[in-house]
Amino acid sequence: MRVYLDNNATTIVDPKVKEKMDPFFCQMYGNPNSLHQFGSETHPALSRAMDQLYKGINAQDEDDVIVTSCATESNNWVLKGVYFDLIKDGKKDHIITSSVEHPSVLATCRFLESIGVRITYLPVNSKGVIEIEDLKNAIDDKTALVSIMWANNETGMLFPVKEISEVCKEKGVLFHSDAVQAIGKVKVDAKDTEVDFLSFSAHKFHGPKGVGGLYIKNSEPLSPLLNGGEHMGGRRSGTLNVPGIVGMGEAMELADSYLDYEYKEVKRLRDKLEDAILKIPDTFVVGTKDERVPNTILVSIKGVEGEGMLWDLNRYGIAASTGSACASEDLESNPVMEAIGAEADLAHTALRLSLSRFTTEEEIDYAIEHINRAVKRLRAISSTYSYAPKNHKNGL
Ligand SMILES: Cc1ncc(COP(=O)(O)O)c(C=O)c1O
């Protein structure tokens, strides 16, 4: 049996999405910017896709959504665009983010720091979420942008986006949210939350890889990251990825229509898996069930190295993740576990399990059986695990 529990890394393309994309590879393959029929025949599908995208995130208007190649590009664009627009000439000098953002935000912030931008990395509490007071205290007259994710990719914890947005409005600071792990799991409403920028990526919600988007409220000017042939109204150059855009539009509409299912069925299966794991002694899950997106579990299983667990589960066809760069020679600990203050021996034991609307009950039963088996086997040979309890700080 093959069980895919790594949906926060990427998802299966919904067959309905693929079906919509298919004609745009070998039949309607024209460049939408060309003046002949091969180009123009792609326009109705593109226009439908843009409609699906802006409705899916409840944008102010169709022009507010710009298609990119991925969320890494969208995140880079916002941070570097704000640098060129507000920081380079000295009007502002400061960006605030959290210590648990995706590397596409953190590495870009570190790059901006290396060229003189002041960056504040807000700490997170034991649930892995920032405190609003810390944000208020960090904002000053020179702050240009706050970039805080909607939901964390490791823990699934939801951030108080609406409150963050209100604080930013009050202080006159731009607010960007990386909503990659939220779309298709909770309602992401750009208008209601009044975010200025919002990033998303099709492959996280059963769309194709290599296509994402950036919402820019009221189509505000933002220096382009990619200059070139003036595509997307000059905002993002590069020949349009027609099959990708069509697929992302369809995936967005489907994701929206499955939100109730996510909260009922996906959450039920996730909770079943979580409850079963928590019956194993010395296990700990980050964050509460209801404050998380409905598909994610980040669990620490004391005495069981995350990488060892992955390897063992993989032998039985189960895909999960440690959330760390496990290709490294050294066993790396989970960065979010570290950020919440977990001690080193626990941060090495993180296992991320992420479900999707394609996950079945039979798969969850199979995963429960094999997780139990793997924990017994790995603890029996562990040099760090003894059944005597150890007190960790934060009660972990
Ligand atoms: C929260 C978050 N932001 C950004 C990204 C990057 O997305 P992409 O693969 O589209 O570049 C990911 C991917 O894992 C993510 O989880």
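Residues numbered from 1 in each chain as written. Predicted model: local features only at pLDDT ≥ 70, side-chain atom pairs only at ≥ 80, totals over all residues. Heavy atoms only, no water.

Caption draft 1: Quick look at the site of the ligand. In the neighbourhood of the ligand, 14 residues make up the surrounding shell, with Thr72, Asp178, Gln181, Ser201 and Lys204 lying closest. Within the contact set of the ligand, an oxygen atom lies 3.3 Å away from a side-chain nitrogen or oxygen of histidine 102. Protein contact buries 88% of the 390 Å² of open area that the ligand shows by itself. With three residues, the single largest contributor to the shell around the ligand is helix 5 (residues 71-87). (Near = heavy atom within 4 Å. Polar contact = N/O pair within 3.5 Å; in protein donor to acceptor, adjacent residues only side chain to side chain. Areas by Shrake-Rupley, 256 points an atom, 1.4 Å probe, with all protein chains shown as cover. Helix = DSSP H or I, 4+ residues; strand = E, 2+ residues; numbered from the N terminus.)

Caption draft 2: View of the confidence of the model for the protein chain. This prediction gives the protein chain a mean pLDDT of 93; 95% of its residues lie at or above 70. Contacts of residues 391-396 to residues separated by more than four positions or lying in other chains number 11 contacts, the stretch itself having pLDDT below 50. (pLDDT = per-residue confidence, 0-100. Contact = heavy atoms within 4.5 Å.)

Caption draft 3: Region of the structure containing a negative patch on the surface. On the surface, Glu163, Glu166, Glu170 and Glu194 cluster together into a negatively charged patch. As for its position among the elements, glutamate 163 is in helix 8 (residues 161-171). With a relative accessible area of 43%, glutamate 163 lands in the partly exposed category. (Patch = residues over 30% accessible without salt bridge, like charges linked within 9 Å, V, L, I, M, F, W, Y side chains within 5 Å. Salt bridge = Lys/Arg side-chain N within 4 Å of Asp/Glu carboxyl O. Lys, Arg positive; Asp, Glu negative; His and termini not counted. Charge placed at Lys NZ, Arg CZ, Asp CG, Glu CD. Buried < 20%, exposed > 50% of the residue type's maximum accessible area, 1.4 Å probe, protein only.)

Caption draft 4: Quick peek at empty space enclosed by the protein. Tallied over the full model, the rule gives three cavities of 30 Å³ or more. Roughly 100 Å³ of internal volume is contained in the largest cavity. In terms of lining, the largest cavity is formed by 14 residues, of which the most central are Gly184, Lys185, Lys204, His206 and Glu262. Two domains each provide a minimum of three residues to the lining of the largest cavity, namely domain 1 (15-257) and domain 2 (259-395). Its volume calculated, the second largest cavity comes out at about 60 Å³. (1 Å grid on protein atoms, 1.4 Å probe; cavity = no way out; pocket = protein on both sides within 12 Å on 5 of 7 lines; lining within 4 Å. Points joined across faces, edges and corners; volume = space filled by probe spheres on them. Domains from an automatic or database assignment.)

Caption draft 5: Expanded view of the environment of alanine 71. Tracing the chain through its elements places alanine 71 in helix 5. Residues alanine 71 and leucine 122, spaced 51 residues apart in sequence, show a C-alpha to C-alpha distance of 22 Å. Apart from residues lying up to four places away in sequence, alanine 71 is in contact with Val180, Phe200 and Ser201.

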